[in-house]
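Here is what each chain is made of, one letter per residue.
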Amino acid sequence: TMLNCSITAKSPSYKSDNKAKGDISCILGVGGSYDNKIDGKEVKSNFNAMMVLSFSYNVYVKCANAMLGENNTEFNNEIADCGTEIINIIVGNSKTALNKMGYFPSMSIPSIVNGKNHTLSYPNNSDIILIPIESSLVDFYIELCYNEA
């Protein structure tokens with residue numbers, strides 16, 4: 001709703017490298033505990049996860065302009081935090097659903113990495129899921145990874 005458009009998640013796939021899909025990556029680390037019953041048995045563990053929103057420079061500027069009602073033509077310091085706001089909203093809104101499933105996440109402060117062909121550091125021993133996102137405004141990628149600590 002912040003971007004005034006609907007989005008559609010396309011088919012996810014496994015990602016096998018650490019190269020970012022876009023020029024700008026908004027990164028949020030999440031750690032926490034899992035406490036639930038599975039088949040009547042109490043299951044407790046800790047987890048590490050990471051979510052990345054990856055945009056081309058042009059797409060990021062379009063998103064920032066839609067959020068702020070501005071007409072920026074290039075990535076700059078004034079719009080650099082827009083991506084961290086988007087990722088905070090996504091993960092923050094999912095906390096209630098995660099709590100109902102027995103996950104109790106604690107979010108880190110999001111960060112942004114930018115530059116063509118930059119790489120990302122994922123938690124060790126985690127599979128990375130790549131989800132292309134399409135919308136009437138922009139297309140971008142979500143990367144998710146998770147492992148039990």
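Heads up: these notes are all about the structure in this document. (Residues numbered from 1 in each chain as written. Predicted model: local features only at pLDDT ≥ 70, side-chain atom pairs only at ≥ 80, totals over all residues. Heavy atoms only, no water.)

Turning to the overall build of the protein chain, a few remarks are in order. Counting its secondary structure elements, the protein chain contains 2 helices and 8 strands. Order of helices (α) and strands (β) in the protein chain, N terminus to C terminus: β-β-β-β-α-α-β-β-β-β. Taking 2.2 N^0.38 as the reference for a compact globule, 149 residues should give roughly 15 Å; the C-alpha atoms of the protein chain span a radius of gyration of 16 Å, in line with that estimate. Overall, the C-alpha framework of the protein chain stretches about 55 × 30 × 30 Å when taken along its three principal axes. (Helix = DSSP H or I, 4+ residues; strand = E, 2+ residues; numbered from the N terminus. Rg over C-alpha atoms; globule rule 2.2 N^0.38 Å.)

Counting through the fold element by element, N58 comes out in helix α1 (residues 57–68). Relative accessible area serves as the criterion here: at 60%, N58 is assigned to the exposed category. (Buried < 20%, exposed > 50% of the residue type's maximum accessible area, 1.4 Å probe, protein only.)

Of the voids in this model, the largest pocket is the one considered here, and its volume is about 390 Å³. In terms of lining residues, the largest pocket is bounded by 16 residues, among which V30, A49, S94, L98 and L144 are the most central. Elements supplying a minimum of two residues to the lining of the largest pocket: β4 (41–55), α2 (82–100), β5 (103–107) and β8 (140–148). Grouping the amino acids of the lining of the largest pocket by side-chain chemistry returns 15 nonpolar, 1 polar and no charged. (1 Å grid on protein atoms, 1.4 Å probe; cavity = no way out; pocket = protein on both sides within 12 Å on 5 of 7 lines; lining within 4 Å. Points joined across faces, edges and corners; volume = space filled by probe spheres on them. Nonpolar A, V, L, I, M, F, W, Y, C, P; charged D, E, K, R; others polar.)

For L130, the position within the fold is in strand β7 (residues 127–135). Taking relative accessible area as the criterion, L130 reaches 9% and is therefore assigned buried. Apart from the residues within four sequence positions on either side, L130 is in contact with S11, P12, S13, K15, K21, Y141, I142 and E143. (Contact = heavy atoms within 4.5 Å.)

Here we take up the environment of K19. One can find K19 in the loop between β2 (13–15) and β3 (24–38). Linking K19 and D35, residues 16 residues apart in sequence, is a C-alpha distance of 33 Å. Not counting the four nearest positions on each side in its chain, K19 is found in contact with N117, H118 and T119. A polar contact is formed between the side chain of K19 and the side chain of N117, at a distance of 3.1 Å. (Polar contact = N/O pair within 3.5 Å; in protein donor to acceptor, adjacent residues only side chain to side chain.)

Let's shift gears to unusual backbone geometry. Even without a glycine there, the phi angle at D39 is positive, about 50 degrees. Along the chain, the position of D39 falls in the loop between β3 and β4. Judged by relative accessible area, which is 81%, D39 ranks as exposed. If you check the backbone angles, N117 has positive phi at about 60 degrees while not being a glycine. Along the chain, N117 turns up in the loop between β6 (111–114) and β7. Classification of N117 as exposed rests on a relative accessible area of 56%.

When the terminal C-alpha atoms of α2 are compared, their 29 Å separation across 19 residues agrees well with the 27 Å that a helix rising 1.5 Å per residue should span. The largest bend in α2 comes to about 35 degrees, at S94. For α2, the set of buried residues is C82, G83, T84, I86, I87 and V91. Of the residues trailing α2, G102 is marked for its positive phi of about 95 degrees. (Expected span 1.5 Å × (residues − 1). Bend = angle between axes of the 7 residues up to and from the residue.)

This part is about the side chain of D23. Take D23: it is sitting in the loop between β2 and β3. Accessibility expressed as a relative area gives 12% for D23, which makes it buried. Discounting chain neighbours no more than four positions away, the residues touching D23 are F55, S56, Y57, V113, N114, G115, K116 and H118.

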